[in-house]
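# Residue-level structural notes
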Amino acid sequence: SPWSQVVSEAEKIVGYPTSFMSLRCLLSDELSNIAMQVRKLVGTKHPLLDTARGFVYDSRNNLQMRGLVVLLISKAAGPSTADLSFQHNMVSGIYSSQRSLAEITELIHTAFLVHRGIVNIGELKSCDGPLKDMQFGNKMAVLSGDFLLANACTSLAQLQNTKVVELISSAIGDLVQGIYYENSKSSEENCLTDDIGISTWKEQVFLSHSALLAKSCQAAMELAKHSAEIQDMAFQYGKHMSMSHKLHSDLQPFVKESSSDTMAFSLNSAPAVLHQEFLGREAWIKQIRELQEAIKAGKGVTSAIDLCCYHGNRALAALERFPASEARAALANIVYAVTRF
């Protein structure tokens, strides 16, 4: 796919495949023990299993995207004129501290992916798996996520940069706030018809999806002692690129031709589940397809595409402040990959 090609070319520019970025942590004795415990969930439908599979094989290349962008923007910016004495610490145009930051960013993202794999025991069905196994899976999701987050925080402290610690810590806080809001809304009966407005949607997506990448890009510039202006441009790229990425993902069920993607968007509220039960599976699928066609025929899809392109253009505009290079071109290609329909 175009996205896979863009990621592959970008990985060559930064010096190594970022799909192995978290491998050092994933192969540790502690996490190997966790992996052995997760095997006990085989045969159940606990979401932690799917998350674990994603670490080994992620066909969408989404898992390591954040660390890759941090490395690319580090290389695109190059060394600061205020920090010429430390250029000997650079490998492929990237400081070792910036590579550490990329790993930290990935660990934090991975930790929250694992934490998201906690199921509501009260909503389980008999086909999901034995109750004790599902409870065990929840415990593993909490402990595994905490372990990854603790590793990230330890590495963050070792960077010995107060501003970077402050930036990444605030990003963790944003993630918690964003996910808390998602979970609190999912249980409300009227969550499908709640008119939050696009501005509120943007605020929520920034917290749960964009803050980590935006602040990590800014932190990478801080580690190289770049100016406040360059730091802000890096923040803007990270913010708007990740907004484009989220919009691209949300649009897929409506822009793909295949009818098999009908159920790709979430309708997991209690009224929807009960409605399906009373209505019957075939009639429910028919209604979902009718809803999808209605959305396709309306202005929502074209407006979302325009919004996706707007954020993509904002990200590209931020890149103009960086000198022309392979890394800058790769960052631009990442934006192009999620703004073409």
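Residues numbered from 1 in each chain as written. Predicted model: local features only at pLDDT ≥ 70, side-chain atom pairs only at ≥ 80, totals over all residues. Heavy atoms only, no water.

Under an unreviewed UniProt entry, the name given to the protein chain is Decaprenyl-diphosphate synthase subunit 2, and the organism recorded is Cuculus canorus. Under the Sequence similarities (unreviewed entry) heading, UniProt states for the protein chain: "Belongs to the FPP/GGPP synthase family." (UniProt positions renumbered as here; feature names shortened; annotations may be inferred.)

Each helix and strand counted, the protein chain has 14 helices and two strands in total. For the protein chain, with 341 residues in total, the buried portion stands at 47%. Sequence separation of at least 24 residues holds for 79% of the intrachain contacts in the protein chain that already meet a minimum separation of 6. Carbon and sulfur atoms make up 55% of the accessible area of the protein chain, which totals about 17700 Å². (Helix = DSSP H or I, 4+ residues; strand = E, 2+ residues; numbered from the N terminus. Buried < 20%, exposed > 50% of the residue type's maximum accessible area, 1.4 Å probe, protein only. Contact = heavy atoms within 4.5 Å. Areas by Shrake-Rupley, 256 points an atom, 1.4 Å probe, with all protein chains shown as cover.)

Let us now look at the pattern of salt bridges. Tallying each qualifying case throughout the model produces four salt bridges. Salt-bridge contacts for Lys 215 lead to Asp 174; the nearest nitrogen and oxygen are separated by 2.8 Å. Residue Lys 215 is located in helix α9 (residues 197–223), and its partner Asp 174 is located in helix α8 (residues 162–186); the two are separated by 41 residues in the primary sequence. Lys 215 gets classed as buried once you look at its relative accessible area, which sits at 14%. Using a relative accessible area of 12% as the deciding quantity, one classes Asp 174 as buried. The shortest N-O distance in the salt bridge between Lys 296 and Glu 293 comes to 3.7 Å. Here Glu 293 and Lys 296 lie together in helix α12 (residues 281–297), a separation of three residues that amounts to about one turn. The class of Glu 293 is partly exposed, set by a relative accessible area of 45%. (Salt bridge = Lys/Arg side-chain N within 4 Å of Asp/Glu carboxyl O.)

Within this structure, the stated rule accounts for one aromatic pair. With a centroid separation of 6.3 Å and 50 degrees between ring planes, the pair formed by Phe 206 and Phe 235 is classed as tilted. Highlighted residues: Phe 206 in helix α9 and Phe 235 in helix α10 (residues 228–255), separated in sequence by 29 residues. Side by side, Phe 206 and Phe 235 carry an identical accessibility label, which is buried. (Phe/Tyr/Trp six-rings, centres within 6.5 Å; stacked < 30°, edge-to-face > 60°.)

A word on the nonpolar core. Generally speaking, nonpolar side chains in soluble globular proteins are found buried as a group. Of all hydrophobic cores here, the largest spans 63 residues; its most connected members are Val 69, Leu 72, Ile 108, Tyr 237, Met 241 and Phe 322. Take this core: its biggest share by element is nine residues, from helix α5 (residues 65–77). The contacts of Ile 108, once residues within four sequence positions are left out, are Leu 149, Ala 152, Ile 168, Ile 172, Leu 175 and Leu 212. Met 243, Leu 247, Leu 307 and Cys 308 belong to the second largest nonpolar core, which has six residues in total. (Core = buried A, V, L, I, M, F, W, Y, C linked by side-chain atoms within 4.5 Å.)

Okay, the side chain of Thr 339 next. Within the secondary structure, Thr 339 sits in helix α14 (residues 326–339). Judged by relative accessible area, Thr 339 falls into the buried class, the value being 15%. At 2.9 Å, the side chain of Thr 339 forms a polar contact with the backbone oxygen of Val 335. If sequence neighbours within four positions are ignored, Thr 339 has contacts with Ser 244, Cys 308, Cys 309 and Gly 312. (Polar contact = N/O pair within 3.5 Å; in protein donor to acceptor, adjacent residues only side chain to side chain.)

Moving on: the packing of helix α13 (residues 300–319) against α14. The interhelical angle for the contact between α13 and α14, taken along N-to-C directions, is 175 degrees, at an axis separation of 9 Å. One finds that α13 runs roughly antiparallel with respect to α14. Across from Cys 308, Cys 309, Gly 312, Ala 315, Leu 316 and Leu 319 in α13, the residues of α14 making contact are Arg 328, Leu 331, Ala 332, Val 335, Tyr 336, Val 338 and Thr 339. Across the contact of α13 with α14, the residue classes break down as ten nonpolar, two polar and one charged. (Axes fitted to C-alpha atoms, helices over the stretch in contact; angles between N-to-C directions. Parallel < 35°, antiparallel > 145°, perpendicular 65-115°, else oblique. Nonpolar A, V, L, I, M, F, W, Y, C, P; charged D, E, K, R; others polar.)

To continue, consider α5. Over its 13 residues, α5 extends 18 Å from the first C-alpha to the last, a length consistent with the 18 Å expected when each residue adds 1.5 Å. Burial analysis of α5 places twelve of its 13 residues in the buried class, the great majority of the element. Taken residue by residue, α5 has Met 65, Arg 66, Gly 67, Leu 68, Val 69, Val 70, Leu 71, Leu 72, Ile 73, Ser 74, Ala 76 and Ala 77 as its buried positions. Just downstream of α5 lies Gly 78, where phi reads positive at about 70 degrees. (Expected span 1.5 Å × (residues − 1).)

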